[in-house]
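Next come the chains, spelled out residue by residue.
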Amino acid sequence: MEYNHKDIESRWQQQWREKGIYRAEIDPSRPKFYVLDMFPYPSGAGLHVGHPLGYIASDIYSRYKRLNGFNVLHPMGYDAYGLPAEQYAIKTGQHPEITTNENIARYRSQLDKIGFCYDWDREIRTCDPDYYKWTQWVFLRLFNSYYDKGADKALPISDLVAHFEKNGSEGINAAETKELHFTADEWKAMDAKEKSDVLMNYRLAYLGTTMVNWCPKLGTVLANDEVSEGRSVRDGYPVEQKMMDQWCLRVSAYAQRLLDGLDRIDWSDSLKETQRNWIGRSEGAEMRFKIAGSDIELEIFTTRADTVFGVTFMVLAPESMYVDMITTDEQRAAVDEYIASIKHKTERQRMIEKKVSGVFSGAYAVNPLTGKEIPVWISDYVLAGYGTGAIMAVPAHDSRDYAFARHFNLPIIPLIEGADVSEESFDAKEGRMINSSSDILDLNGLDVKEAIAKTKARIAELGIGKVKVNYRLRDAIFSRQRYWGEPFPIYYKDGIPTAMDDKDLPVLLPEVDKFLPTETGEPPLGRAKDWKTKDGYPIELCTMPGFAGSSAYYLRYMDPHNSEALVGKEANEYWGSVDLYLGGSEHATGHLIYSRFWNKFLFDLGVVCEDEPFRKLVNQGMIQGRSSFVYRVGESNTFVSAGLRSQYDDTQEKHVDISLVNNDVLDIEAARAWAPEFKDAEFILEDGKYICGWAVEKMSKSKYNVVNPDDMVERYGADTLRLYEMFLGPIEQSKPWDTNGIDGVYRFIKKLWSLFYDKNTLLIDDSEPTAENLKTLHKLIKKVTGDIEQFSFNTSVSAFMICVNELSAQKCRSRRVMEDLLVVLAPFAPHVAEELWHAIGNGTSVCDAKWPAWNEDYIKDSTVKYAVSFNGKARFTMEMPADAGKDAVEAAAMAHQDSAKWLAGKTVRKVIVVPGKIVNIVVG
RNA sequence: GCCCGAAUGGUGGAACGGUAGACACGAGGGACUUAAAAUCCCUUGGCCAUCGCGGCUGUGUGGGUUCGAGUCCCACUUCGGGUACCA
């Protein structure tokens with residue numbers, strides 16, 4: 001029988017499906033293991049060969065755990081809400097649901113061909129009402145909760161209301177948008193709208209007026225992690241800043257817990273570091289500066305309290321509420337003009353220009369520690385969203401303040417001994433303080449760190465400020481002016497945002513005639529007929545963002561058909577948290593923050609039993625494309641081979657489809673047929689060939705470098721694709737796809753096959769394995785076991801190749817050896833392993849076998865090779881009995897015939913013997 | 001700018017501080033074949049060699065630790081990734 005992957009793979013895939021062997025059920029008698037892939041957004045382009053990389057790795061790990069007796073939960077689903085389907089709907093009028101379902105069907109068929117062990121009975125789609133009901137359900141909980149900083153957890157908003165009834169805002173220690181002060185009587189006197197406004201200040205899901213990233217092209221707001229360098233991450237459209245009423249999640253309340261949790265989880269250091277930076281904890285002090293001749297106090301935040309004596313001016317963010325309050329009449333016109341000029345610029349423009357700009361407010365503030373009066377300026381280099389939106393400027397020791405001071409000719413006072421501030425500021429936190437003394441505080445001679453501590457203590461003592469920890473992490477903006485997303489379970493009762501009841505869930509996404517905003521600029525849901533509650537109140541028009549549906553999907557997989565709860569107690573307690581999570585590092589500051597926040601909140605509520613959702617996380621690298629180019633000479637219809645390109649002044653590179661290129665040699669006839677512009681083109685050859693240039697780029701249709709896994713499966717089979725993707729290199733590393741190498745893996749499978757079959761004759765018998773056979777086998781078992789535990793799948797593939805070559809040379813026919821070999825191979829190449837497993841007479845599936853243990857005795861050598869070096873440089877090898885003692889090894893090395901040559905005329909100073917490895921003789 | 005990470009043949013990549021380049025691709029040579037595909041065998045870091053003895057050199061650069069460094073430490077260069085007026 002010849003190896004026929006098509007026949008084998010479709011047959012076994014069908015059998016596995018029919019027998020449902022990958023179905024996972026709660027089984028307290030077995031240990032559980034939860035392996036999760038980041039679920040994909042089903043895009044119209046389908047999967048390319050890079051997508052399955054992580055899925056293959058997690059599949060290998062899942063199968064390995066199964067073989068080791070674990071009850072493995074390995075589910076898959078679709079992050080089905082998203083912009084591309086909606087964009088397509090706007091263009092064509094086709095409902096995004098239709099597009100999405102088509103794309104899902106395509107993804108599924110592509111995934112199925114690769115032979116994954118997913119439990120498809122647990123599939124979820126975020127756009128499915130049975131699923132998004134629970135997304136809405138969590139939102140209602142967030143809406144009805146606040147964060148108590150004392151208890152350090154989320155509590156019901158009703159607790160807060162009870163407190164207000166009794167004590168007003170007195171003694172409240174809650175995460176809040178801004179500090180509010182009112183008495184119980186004042187609270188009671190408020191009308192419904194006023195009370196709603198006050199509670200919004202505390203709710204974990206709240207409606208707030210915030211500066212948002214508005215993308216006019218997409219007609220929606222974007223979260224910070226969806227914006228990069230002033231453009232939308234997904235499509236690259238410009239993004240501008242705009243004040244809008246938006247639903248927000250108070251993620252910032254969990255900043256410290258999100259930070260602390262990182263120490264308890266097994267993620268890569270770089271990913272943890274990225275999250276730490278994103279959360280951006282910074283310890284400093286808040287300090288109040290009085291405005292001269294008024295009662296107004298400006299509050300600032302600084303990490304450099306030690307530099308108070310170098311404060312020569314203050315700066316407010318243009319959006320700061322103080323701007324209006326302190327601007328003098330003389331400066332009013334200038335300030336208004338400046339603020340207007342800022343508003344015109346988008347964030348992107350501001351960033352590109354990076355020009356120093358600002359305006360004097362006319363007001364002066366009093367430095368509380370020196371008594372000196374300093375001017376207050378307004379500039380856009382101070383951000384409204386961080387700290388208090390106001391800073392004390394210390395030009396000598398902060399580069400931004402320095403640039404500003406230079407531009408506007410403001411004084412610069414150096415505070416650190418030896419710091420030269422004539423050309424640039426001295427930002428380092430080191431050195432001894434000078435020029436820092438007044439009646440109130442003396443820092444002279446102190447080290448920077450001591451000075452910071454002393455100043456903080458003094459500020460607190462004087463009651464002009466306090467020690468404060470700030471976080472860069474902002475609340476997540478949760479509204480999208482879009483159609484294809486989860487509707488909010490919120491309606492407006494006389495203008496007051498009101499939560500729906502659990503029994504009203506799910507709030508189904510309504511039908512609309514078009515997917516565009518309305519003529520009056522309302523979101524698309526404004527087009528829905530009767531978008532009202534039963535009582536006739538209007539329902540929220542925005543939908544939730546993409547990260548809503550992906551924030552708790554891993555919980556739903558545990559109990560996907562539960563209609564009573566997001567996840568049942570029993571299921572949650574059994575499956576716990578995700579033991580292994582695989583996905584791309586691009587979610588480091590988005591999904592992976594939001595779902596941790598979401599999970600911690602649900603933990604506070606007692607809905608889930610684990611505080612962290614993903615115990616171990618592995619980022620698989622990206623597989624990039626390897627694009628091929630031809631070079632057009634000037635504007636002509638002549639193309640020059642890559643090697644001759646330098647002989648022409650003006651050549652332009654042009655992508656050509658990689659299917660036309662083999663080992664960088666262009667198939668010219670195929671190229672002529674491929675594109676009209678090549679039809680009559682002239683090709684200048686080198687050595688009779690047209691050599692293409694190449695570059696590693698992201699795989700995309702427009703670069704003609706996409707490799708489709710279906711084609712690979714068709715030509716080589718799923719097992720070869722799986723092995724090859726693993727063989728390409730370490731899983732975490734990004735690497736270009738190169739189809740050329742796949743033949744090597746394909747050959748390996750054929751060699752494996754020929755170990756079992758010669759034509760139609762099965763070669764395997766019941767003969768006893770030889771010592772050699774066992775050594776080869778057990779080396780493999782040991783290696784692969786270790787590799788899988790460490791996610792080093794590429795070296796496992798090499799180990800299989802070596803093993804098969806050895807067994808083939810040994811003419812091994814022993815069934816015992818082959819069985820173990822197939823079990824170890826099964827996670828990597830399940831189809832061929834299953835086929836051969838049955839061929840040698842096993843009735844049950846190899847997926848249900850037991851992972852073999854290796855026996856060290858079989859691997860042990862009776863003799864060991866020692867590399868003998870002189871002064872560290874290896875010169876020759878000698879063989880010694882494995883149990884020879886150090887002295888014997890040393891003596892043998894010294895007495896070896898080759899030693900004489902290296903020892904001639906030298907004295908031996910020292911001999912180092914590393915058992916089983918090396919003898920190093922140090923000679924002088 | 002700041003924070004991570006990386007740098008090894010023509011290519012992808014192996015190497016608990018112990019004979020660098022496993023394994024694979026590609027290339028070259030050969031066998032089989034009318035021929036091709038497939039398969040198999042040999043060679044393959046560089047340089048030298050009285051090319052079947054052997055030798056020298058070699059893991060981005062420069063130092064250091066060590067009997068011994070691709071691996072550890074310091075400085076630098078280059079390339080990726082993240083982030084950015086975050087006070």
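Our structure's up above, just so we're on the same page.
Cut-off values and rules
- Residues numbered from 1 in each chain as written.
- Chains lettered and ligands numbered in written order.
- Predicted model: local features only at pLDDT ≥ 70, side-chain atom pairs only at ≥ 80, totals over all residues.
- Heavy atoms only, no water.
- Buried < 20%, exposed > 50% of the residue type's maximum accessible area, 1.4 Å probe, protein only.
- Helix = DSSP H or I, 4+ residues; strand = E, 2+ residues; numbered from the N terminus.
- Arc of directions from axis to C-beta.
- Contact = heavy atoms within 4.5 Å.
- Pairing = 2+ DSSP bridges.
- Patch = residues over 30% accessible without salt bridge, like charges linked within 9 Å, V, L, I, M, F, W, Y side chains within 5 Å.
- Areas by Shrake-Rupley, 256 points an atom, 1.4 Å probe, with all protein chains shown as cover.
- Salt bridge = Lys/Arg side-chain N within 4 Å of Asp/Glu carboxyl O.
- Lys, Arg positive; Asp, Glu negative; His and termini not counted.
- Charge placed at Lys NZ, Arg CZ, Asp CG, Glu CD.
- Axes fitted to C-alpha atoms, helices over the stretch in contact; angles between N-to-C directions.
- Parallel < 35°, antiparallel > 145°, perpendicular 65-115°, else oblique.
- Left-handed = near helix turned anticlockwise from the far one by under 90°.
- Nonpolar A, V, L, I, M, F, W, Y, C, P; charged D, E, K, R; others polar.

Engineer: Can you help me understand helix α10 (residues 269-279) in this one?
Structural biologist: Think of an α-helix as turning once every 3.6 residues; residues three or four places apart then point the same way. Considered for burial, the residues of α10 that qualify are L271, K272, Q275 and I279. One side of α10 holds all its buried residues, which, seen down the axis, span an arc of 100°. Exposed residues pointing more than 90 degrees away from the buried face of α10 are listed as D269 and S270. Buried positions along α10 lie against α9 (255-261), α19 (591-605) and β21 (617-619). At the C-terminal side of α10, G280 shows a positive phi close to 55°.

Engineer: Got a minute to help me understand the sheet that holds strand β9 (residues 240-249) in this structure?
Structural biologist: Strand pairing in a sheet takes place through backbone hydrogen bonds and is either antiparallel or parallel in direction. The antiparallel open sheet is built from 4 strands, whose spatial order is β6-β5-β9-β17. In the strand order of this sheet, the two ends are held by β6 (220-222) and β17 (476-477), each with one partner. Relative to β6, strand β5 (residues 205-215) runs antiparallel, the two sharing 3 bridges. Bridged to W214 within β6 is V221.

Engineer: Quick question: what am I supposed to make of a positive patch on the surface here?
Structural biologist: Together, K873, R875, K901 and K906 make up a region of like positive charge exposed at the surface. As for its placement among the helices and strands, K873 is situated in strand β33 (residues 873-881).

Engineer: Would you mind showing me how to read the sheet that holds β21 here?
Structural biologist: Strand order across the open sheet formed by 4 strands is β2-β1-β20-β21, with parallel pairing between neighbours. Looking at the sheet topology across the chains shown, the edges are occupied by β2 (71-73) and β21. Recorded for the sheet is a direction-independent mean angle of 20° between the axes of neighbouring strands. Alignment of strand β20 (residues 580-583) against β21, held across 3 bridges, turns out to be parallel.

Engineer: Please explain the packing of helix α22 (residues 709-716) against helix α24 (residues 742-756) as it appears in this structure.
Structural biologist: Relative orientation and spacing of two packed helices are given, respectively, by the angle between their axes and the distance between those axes. Axis separation between α22 and α24 bottoms out at 11 Å; the angle between their running directions is 40°. The pairing of α22 with α24 is recorded here as oblique in orientation. Note that α22 runs across α24; the crossing there is right-handed. Touching M712, R715 and Y716 of α22 are I742, D743 and Y746, all from α24. Taken together, the residues of the contact of α22 with α24 break down into 4 nonpolar, no polar and 2 charged.

In short, geometric facts, not functional conclusions.
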